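One-letter residues, chain by chain:
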Amino acid sequence: MTMSFDRDSSTRSSVALEATASRAPARRRMSTVDRKRQILDRAIQYFAKHGMDGQLRNLTKGLGITHTLLYHYFPTKDALIKAVYEDVFESRWKPEWEQLLDDKTLSPEEKFNAFYIDYSNTVLTYDFVRILIFSGLSDHSISDRFFELLRDRLLPRLIRETRKHCGRSSRSKPSQRELEFLMGLHGGVFYIGMRRWIYGQAIYDSGNPHTEQEIIQDRISSYLTSAKTLFNTGKKIK
């Protein structure tokens, strides 16, 4: 009797498991778009953590996918890096920034503050900062493209507003000295992200939610004051 009971119980359990398995939903196959997005997201995480150098076999191992699957969506490493640049850098660029800097109803100081506060909130992320730094340390494929974007769409506008703040109406091409002077400000804002995501150092008063904004405003005030002092003492930027 005992053996019969065990066998019947086992049979019922097996039937129950089969019934449960038959009712379990089939695993949904990932679409081409979703799969490509997944690979790109993992590649961004990989490059931000490990850098841009290395063989694709190490990348596929890190991503947990096969070479065949990676090549299907990104035939070369350059194609993958291009997609990373477009997603992490180009997609975050806001046309509204250019409209803001061209707004004639705002003062140069108002424009600088509004732009750099929003810019820092938008781009100074873990992946943006680290991938830009790693690119600069390797083949420059991403860093060169990003700085070209700055030179084309941002820096001339900021130079124009700096001149306006200093009472100059020159429309000449920005000089090397002007650009280097401005990059001191831009680099100072970017350094906030470097301290956080490269050095692992928090800004000083991290308990104050407005600290980062105040740091940016102080640097802008210092930049504009210094620019005006240079003009007033006759040391014009040429």
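Scroll up to find the structure this text is about.
Residue numbering note: each chain is counted from 1, following its sequence as written. Local features in this predicted model are restricted to residues of pLDDT 70 or higher, and side-chain atom pairs are both shown and tallied only at a pLDDT of 80 or more, whereas totals for entire chains, interfaces and linings draw on every residue. Only hydrogens and water are removed before side-chain values are computed, so all heavy atoms of the structure are retained for them.

J.: Any chance you could explain helix 5 (residues 77-88) here in plain terms?
T.: What sets the pattern is the α-helix's 3.6 residues per turn: residues three or four places apart point alike. End to end, helix 5 covers 16 Å across 12 residues, agreeing with the expected 16 Å (1.5 Å per residue, within 8%). We call a residue buried when its accessible area falls under 20% of the maximum for its residue type, exposed when it is over 50%, and partly exposed in between, using a 1.4 Å probe and counting protein chains only. Helix numbering and strand numbering both begin at the N terminus, where a helix is a DSSP run of H or I of at least 4 residues and a strand a DSSP run of E of at least 2. Of all the residues in helix 5, the buried ones are Leu 80, Ile 81, Ala 83, Val 84, Tyr 85 and Val 88. Those residues of helix 5 that are buried are in contact with helix 2 (32-50), helix 3 (56-63), helix 4 (67-73), helix 8 (126-137) and helix 9 (141-153). For a helix, the expected span equals 1.5 Å multiplied by the number of residues minus one. We call two residues in contact whenever any of their non-hydrogen atoms come within 4.5 Å of each other.

J.: Teacher, can you tell me more about a negative patch on the surface here?
T.: Patch rule: a residue counts if its relative accessible area is over 30% and it has no salt bridge; like charges are joined within 9 Å, and nonpolar side chains (Val, Leu, Ile, Met, Phe, Trp, Tyr) within 5 Å. Here the Shrake-Rupley method, with its probe set to 1.4 Å, supplies the accessible areas, and only the displayed protein chains count as covering residues. Each salt bridge in this description consists of a side-chain nitrogen of Lys or Arg and a carboxyl oxygen of Asp or Glu lying within 4 Å of one another. Here Asp and Glu are counted as negative and Lys and Arg as positive; His is not counted, and neither are the chain ends. A charge is said to be at NZ when it belongs to Lys, at CZ for Arg, at CG for Asp and at CD for Glu. A cluster of acidic side chains, namely Asp 53, Asp 78, Asp 139, Asp 144, Glu 148 and Asp 152, defines a negative patch on the protein surface. Residue placement: Asp 152 occurs in helix 9. A residue is classified by how much of its surface remains accessible, and Asp 152, at 56% relative accessible area, is exposed.

J.: Is there a simple way to explain the nonpolar core in this structure?
T.: Across soluble globular proteins, nonpolar side chains show a tendency to be buried alongside one another. As used in this record, nonpolar core signifies buried Ala, Val, Leu, Ile, Met, Phe, Trp, Tyr and Cys residues forming a set joined through side-chain atoms within 4.5 Å. Core analysis: the largest hydrophobic core is formed by 57 residues, its most contacted members being Phe 47, Tyr 116 and Ile 131. At seven residues, helix 2 tops the list of elements feeding residues into this core. When neighbours within four sequence positions are excluded, Phe 47 is seen to be in contact with Met 52, Leu 59, Leu 80, Ile 81, Val 84, Ile 131 and Phe 134.

J.: I tried to follow the pattern of salt bridges on my own but got confused; where do I start?
T.: If you walk through the whole model with that rule in mind, you get 15 salt bridges. Residue Glu 90 pairs with Arg 145 through a salt bridge whose shortest N-O separation is 3.5 Å. Note that Glu 90 is positioned in the loop between helix 5 and helix 6 (95-101) and Arg 145 in helix 9, a separation of 55 residues in sequence. Residue class for Glu 90 comes out partly exposed when judged on its relative accessible area of 40%. The class for Arg 145 is partly exposed, based on a relative accessible area of 30%. Across the pair Arg 163 and Glu 178 runs a salt bridge, and its minimum N-O distance is 2.7 Å. A residue pair is termed long-range when its members are at least 10 positions apart, and Arg 163 in helix 10 (residues 155-165) and Glu 178 in helix 11 (residues 176-197) qualify at 15 residues. The class for Arg 163 is buried, based on a relative accessible area of 5%. Connected through salt bridges with shared partners, the residues Glu 98, Asp 102, Lys 111, Arg 153, Arg 157, Arg 160, Glu 161 and Lys 164 form a single ionic network.

J.: Teacher, can you tell me more about the environment of Arg 151 here?
T.: Within the secondary structure layout, Arg 151 lies in helix 9. The sequence separation of Arg 151 and Leu 179 amounts to 28 residues, and the corresponding C-alpha distance is 9.2 Å. If sequence neighbours within four positions are ignored, Arg 151 has contacts with Asp 144 and Pro 156.

J.: What am I meant to see in unusual backbone geometry here?
T.: One can expect most non-glycine residues to show negative phi and most peptide bonds to be in trans. Located in the positive-phi region is His 140, a residue other than glycine, with phi close to 65°. Assessed through its relative accessible area of 34%, His 140 is described here as partly exposed.

J.: Would you mind going over the environment of Pro 108 with me for this structure?
T.: Examined against the element boundaries, Pro 108 turns out to sit in helix 7 (residues 108-123). We classify Pro 108 as buried; its relative accessible area is 10%.

J.: In this structure, what is going on with the packing of aromatic side chains? I would like to understand it.
T.: Centre-to-centre distance and the angle between the planes together describe a pair of aromatic rings. Any two rings among Phe, Tyr and Trp, with Trp reduced to its six-membered ring, count as a pair given centres within 6.5 Å; such a pair is stacked if its planes are under 30 degrees apart, edge-to-face if over 60, and tilted if neither. Counting across every chain of the model gives 17 aromatic pairs. Seen from their ring centres, Trp 97 and Phe 115 are 5.5 Å apart, and the 90° between their planes marks the pair as edge-to-face. With Trp 97 in helix 6 and Phe 115 in helix 7, this residue pair connects regions lying 18 residues apart in the sequence. Across the pair, exposure class does not vary: Trp 97 and Phe 115 are buried alike. Ring pairs connect the aromatic residues Trp 93, Trp 97, Phe 112, Phe 115, Tyr 116, Tyr 119, Phe 181 and Tyr 223, which therefore count as one cluster.

J.: Help me out: how do you make sense of the side chain of Ser 135 in this one?
T.: In this fold, Ser 135 is placed in helix 8. A polar contact is formed between the side chain of Ser 135 and the backbone nitrogen of Ile 142, at a distance of 3.0 Å. Not counting residues up to four positions away in its chain, the partners in contact with Ser 135 are Met 52, His 140, Ser 141, Ile 142 and Ser 143. In protein, a polar contact requires one atom able to donate a hydrogen and another able to accept it; more generally it is a pair of N or O atoms within 3.5 Å, and residues adjacent in sequence count only if both atoms are side-chain atoms.

J.: What is the right way to read helix 8 from this model?
T.: End to end, helix 8 covers 17 Å across 12 residues, agreeing with the expected 16 Å (1.5 Å per residue, within 8%). Turning to helix 8, its buried residues are Asp 127, Phe 128, Val 129, Arg 130, Ile 131, Leu 132 and Ser 135. Close packing links the buried residues of helix 8 with helix 2, helix 5, helix 7, helix 9 and helix 11.

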